[in-house]
Amino acid sequence: MSDSDIADPGIARATGVEAEKAAAARTAASLVVDGMTVGLGTGSTVAYLIPALASRGLALTCVATSPATEMQARAAGLDVRSFNGPSSPALLDIAIDGADKVTPDGWLVKGAGAAHTREKIVAAAADRFVVIVSTEKLVTSLGPPVPLEILSFGASATLRRLGAARIRPHTPHSPDGGIIVDWMNPVDDPRSLCDFFDSTPGVVGHGLFPPEMVSDVVVSGRLLQRSATSGASGNSWVRLGG
Ligand code: 5RP
């Protein structure tokens, strides 16, 4: 770190966060083996994953959760297949993605990059879903905003039913045509909130990911796996390495 970095704490902090994202991405890339089908998430942490994965020179088949990821992965030389339609891969060996918030019991909030609907489909299709984050993503409990994607058809009615939700400013529709919305109320009981979102007509997807979807969390370079003894609401992670 240079003297000027020390003089500007903002730059020093950003450098640390970026180094942590890169370390998390490298650790996750090391979990991938030859022949795997790999789901690639979206965001600045995944942007470190793609070169780390490509540099391993493995024979991989990838699917991407956003046009930005698809473009970066193809440019890096990865084989990216379409995940559209019934002839796309039905099962993935592993999916790796970032998150905006991670609680000690494994709940995630995702979707700051507006790709949460596709990201959840890809995560759910994978045998193993690995979340890569820097330490500032670790929170003690969840709170707003929770990203949603709603259908354009009936959007006003859906927003009225949701109540405390607002259309995210300056954000294009998702690649599937959905409107990106942020839920702004407290998140006291994430499971009930998932049920509410899942049962609200017009909500296509939401950024709450329950613990049972998450296989591992890589925080900076440290690989943590949910302990076999922790339930869906358990608070138990074991450090595996790194
Ligand atoms: C995009 C996401 C991202 O994974 C999440 O926002 C984290 O992004 P970043 O790695 O840039 O902090 O959910 O929809």
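Use the structure listed above.
An account of the accompanying structure is given in this report. Keep in mind it's a predicted model, so treat the numbers as computed, not measured.

What to know about the site of the ligand
Phase 1: Among the 17 residues in the neighbourhood of the ligand, the closest are listed as Gly43, Ser44, Thr45, Gly98 and Gly113.
Phase 2: When grouped by side-chain class, the residues that make up the shell around the ligand number 4 nonpolar, 9 polar and 4 charged.

Regarding the sheet that holds strand E11 (residues 208-209)
Phase 1: Strand order in the open sheet made by the 3 strands is E4-E5-E11, with antiparallel pairing throughout. In the strand order of this sheet, the two ends are held by strand E4 (101-102) and E11, each with one partner.
Phase 2: Both strand E5 (residues 108-109) and E11 contribute to a ladder of 2 bridges, which runs antiparallel. Bridge pairing links Leu108 to Phe209 in E11.

Some thoughts on unusual backbone geometry
Phase 1: Look at the link from Pro144 to Pro145: it is a cis peptide, with omega at 0 degrees.
Phase 2: Secondary-structure assignment places Pro145 in the loop between strand E6 (126-133) and strand E7 (146-150).
Phase 3: Positive phi, close to 70 degrees, is recorded for Ala114, a residue that is not glycine.
Phase 4: Along the chain, the position of Ala114 falls in the loop between E5 and helix H5 (116-125).
Phase 5: Located in the positive-phi region is Ser220, a residue other than glycine, with phi close to 55 degrees.
Phase 6: Assignment of secondary structure puts Ser220 in the loop between strand E12 (216-219) and strand E13 (222-226).
Phase 7: By the C-beta count within 10 Å, which is 18 here, Ser220 ends up partly exposed.

Criteria and cut-off values
- Residues numbered from 1 in each chain as written.
- Predicted model: local features only at pLDDT ≥ 70, side-chain atom pairs only at ≥ 80, totals over all residues.
- Near = placed C-beta within 6 Å.
- Nonpolar A, V, L, I, M, F, W, Y, C, P; charged D, E, K, R; others polar.
- Pairing = 2+ DSSP bridges.
- Helix = DSSP H or I, 4+ residues; strand = E, 2+ residues; numbered from the N terminus.
- Buried ≥ 20, exposed ≤ 12 C-beta atoms within 10 Å, placed from the backbone.

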